[in-house]
Amino acid sequence: GAVVSQHPSWVICKSGTSVKIECRSLDFQATTMFWYRQFPKQSLMLMATSNEGSKATYEQGVEKDKFLINHASLTLSTLTVTSAHPEDSSFYICSARKAGGPSGTQYFGPGTRLLVL
Amino acid sequence: KNEVEQSPQNLTAQEGEFITINCSYSVGISALHWLQQHPGGGIVSLFMLSSGKKKHGRLIATINIQEKHSSLHITASHPRDSAVYICAGFLIQGAQKLVFGQGTRLTINP
C-alpha cells in the first residue's frame, strides 16, 4: 500500500506555455502533499506544502504565482508551472502524508521531468 | 549550516563489500528517513526511524538519538545497489517538514 503516482512522467514544452503535473495517492487519503524540485546532482528542495481544501504554503523564494498548487481532494494535488521558461526545467517530485498516519512519514511519487525549450 | 549532513558524498566499492553511509542531524529533528534514488529519478523510502535499528534484507539502518547520528549499512553489496542514498530529517517544530542531506552517490563495481 501507500502508492503515489505522478503524471506525466516527463514533459517537453515550449517557453511561455503552462504545464500541469498531477500527484495522486492511489490507495490512501493524503491530507498533506509536498512538492519538491531537484536540479541535477543536487538534493530535493521543498517548494510548497499543500493541504487539502486550503491554500498551499510556499517556501521562501518560491513564486506562488509561478507555481500554482491545487489540492482539491484527498487523493489529488496538482502543480501548474505557468509561463514556463528554460530555467524551470527540472525534476519535480511530490510526496504525500497519509491521513491519520505518523506525522513524519511521507510517500514519494516517481517524479516528473520537465524540459522547457 | 545544513540541519542534516551526510558523508561521504561519493562512495565507490567492489561487489560484496560492506557499505556504511553516515548522517548527522541537528536539534529539532525527531525522525530520520533513508531514501534511495536510482538514476531514473524515482525515490524509494527505505526506512523511517526515530530510535534503535531496523533491518530489511541486506539493508540495516541505525540511529543514536543522544549523538544525533544515523547510519545506513548495506551488507554483501551488489551493483544494483548503485544509487544515491539520501538522509532526510523530520522537523517537529514549525512547518513539520523534511530536511534533506546532500545525498551519497554509491557505485558498486562488479
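Residues numbered from 1 in each chain as written. Chains lettered and ligands numbered in written order. Predicted model: local features only at pLDDT ≥ 70, side-chain atom pairs only at ≥ 80, totals over all residues. Heavy atoms only, no water.

### Quick notes on a nonpolar patch on the surface
All names here are of chain A. On the surface, Trp10, Ile12, Leu115 and Leu117 cluster together to form a nonpolar patch covering roughly 460 Å² of accessible area. Position of Leu117 relative to the elements: it lies in the segment after β11 (112–116). Exposure remark for Leu117: the relative accessible area of 58% places this residue in the exposed category. (Patch = residues over 30% accessible without salt bridge, like charges linked within 9 Å, V, L, I, M, F, W, Y side chains within 5 Å. Areas by Shrake-Rupley, 256 points an atom, 1.4 Å probe, with all protein chains shown as cover. Salt bridge = Lys/Arg side-chain N within 4 Å of Asp/Glu carboxyl O. Helix = DSSP H or I, 4+ residues; strand = E, 2+ residues; numbered from the N terminus. Buried < 20%, exposed > 50% of the residue type's maximum accessible area, 1.4 Å probe, protein only.)

### Observations regarding the pattern of salt bridges
Within this structure, the stated rule accounts for four salt bridges over all chains. Lys97 of chain B is paired through a salt bridge with Glu59 of chain A; the nearest N and O atoms lie 2.6 Å apart. Within this pair, whereas Lys97 of chain B is found in the loop between β9 (83–91) and β10 (98–100), its partner Glu59 of chain A is found in the loop between β6 (57–58) and β7 (67–73), the two belonging to separate chains. Among the salt bridges present, the one from Lys66 of chain A reaches Asp88 of chain A, with a minimum N-O distance of 2.7 Å. Residue Lys66 of chain A is found in the loop between β6 and β7, and its partner Asp88 of chain A is found in the loop between β8 (76–81) and β9 (90–98); the two are separated by 22 residues along the sequence.

### Considering the interface of chain B and chain A
The partner chain A presents 19 residues to the 17 residues of chain B that form the contact. Taken together, the two surfaces of chain B and chain A that pack against each other cover about 1,500 Å², and 57% of this comes from carbon and sulfur. When residues of chain B are sorted by the area they lose upon contact with chain A, Ile43, Lys97 and Phe100 of chain B head the list and together hold 32% of the total. At the boundary of chain B with chain A, the tally comes to one salt bridge. Counting across the interface, chain B meets chain A through three residue pairs in polar contact (both at pLDDT 80 or more). Those elements that place two or more of their residues in the side of chain B that touches chain A are β4 (29–37), β5 (43–49), β9 and β10 of chain B. Residue contributions to the side of chain B that touches chain A peak at three residues, all from β4 of chain B. (Contact = heavy atoms within 4.5 Å. Buried area = accessible area lost by both parts, 1.4 Å probe. Polar contact = N/O pair within 3.5 Å; in protein donor to acceptor, adjacent residues only side chain to side chain.)

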